Amino acid sequence: MQKTFELELTKLDELSVYLIELLKNDNYIVILRGDLASGKTTLVKNYVKSLNLDDLVTSPTFSLQAIYSDNIFHYDMYNKTLNEFISLGMLEEFEKEGTHFVEWGDEKLQELLKDYGYNVVLIHIEKKDNKRLYKINA
């Protein structure tokens, strides 16, 4: 199923409501792709805020992983290859119950996760002037 949203970064509530509904019944891994500063972390921030959680959401670029309210996991693979990610034991983290957001996850990771039987959602974000185009493949 594919769905597209074109929104300003300050108006992500419609997208967050859609994601909350989409992701509520199972464990999902959401792969976020887009250029630098396209709004990947902003999307995760808005998702967490829309769940009425008070967690401080920041990019996990240097820490590799952040966890919000015990069941929302946020990863950043910007400086890591898939092999490095696996060797750090991060693949096992996906076994934890909850929703997992992975910034910069590539096709190899996506295929590996699908091969392991995980529910994978891909969100590709494109910059368009002062808006973003979100293409969701679930």
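The rules behind the values
Residues numbered from 1 in each chain as written. Predicted model: local features only at pLDDT ≥ 70, side-chain atom pairs only at ≥ 80, totals over all residues. Heavy atoms only, no water. Helix = DSSP H or I, 4+ residues; strand = E, 2+ residues; numbered from the N terminus. Rg over C-alpha atoms; globule rule 2.2 N^0.38 Å. Buried < 20%, exposed > 50% of the residue type's maximum accessible area, 1.4 Å probe, protein only. Areas by Shrake-Rupley, 256 points an atom, 1.4 Å probe, with all protein chains shown as cover. Lys, Arg positive; Asp, Glu negative; His and termini not counted. Charge placed at Lys NZ, Arg CZ, Asp CG, Glu CD. Salt bridge = Lys/Arg side-chain N within 4 Å of Asp/Glu carboxyl O.

**Q** I would appreciate a short explanation of the overall build of the protein chain in the present structure.
**A** Helix and strand counts for the protein chain stand at 4 helices and 7 strands. A compact globule built from 138 residues would reach a C-alpha radius of gyration of about 14 Å, and the protein chain, at 14 Å, matches this within 12%. When burial is assessed residue by residue, the protein chain has 45% of its 138 residues classed as buried. For the protein chain, the exposed surface amounts to about 7,600 Å²; the carbon and sulfur share of it is 45%. Of the charged side chains in the protein chain, 16 are positive and 23 negative, and the gap between their average positions amounts to 7 Å.

**Q** What should I look at first to understand the pattern of salt bridges in this one?
**A** Opposite charge on two side chains lets them pair, provided their charged atoms get close. Applying the stated criterion across every chain, the model contains 4 salt bridges. Across the salt bridge formed by glutamate 107 and arginine 33, the nearest N and O atoms sit 3.8 Å from each other. With glutamate 107 in helix 4 (residues 107-115) and arginine 33 in strand 2 (residues 28-34), this residue pair connects regions lying 74 residues apart in the sequence. Classification of glutamate 107 by relative accessible area gives exposed; the value is 53%. We note a salt bridge from lysine 96 to glutamate 93, for which the minimum N-O separation is 2.9 Å. What makes glutamate 93 buried here is its relative accessible area of 14%.

Any link to function would need more than the numbers given here.
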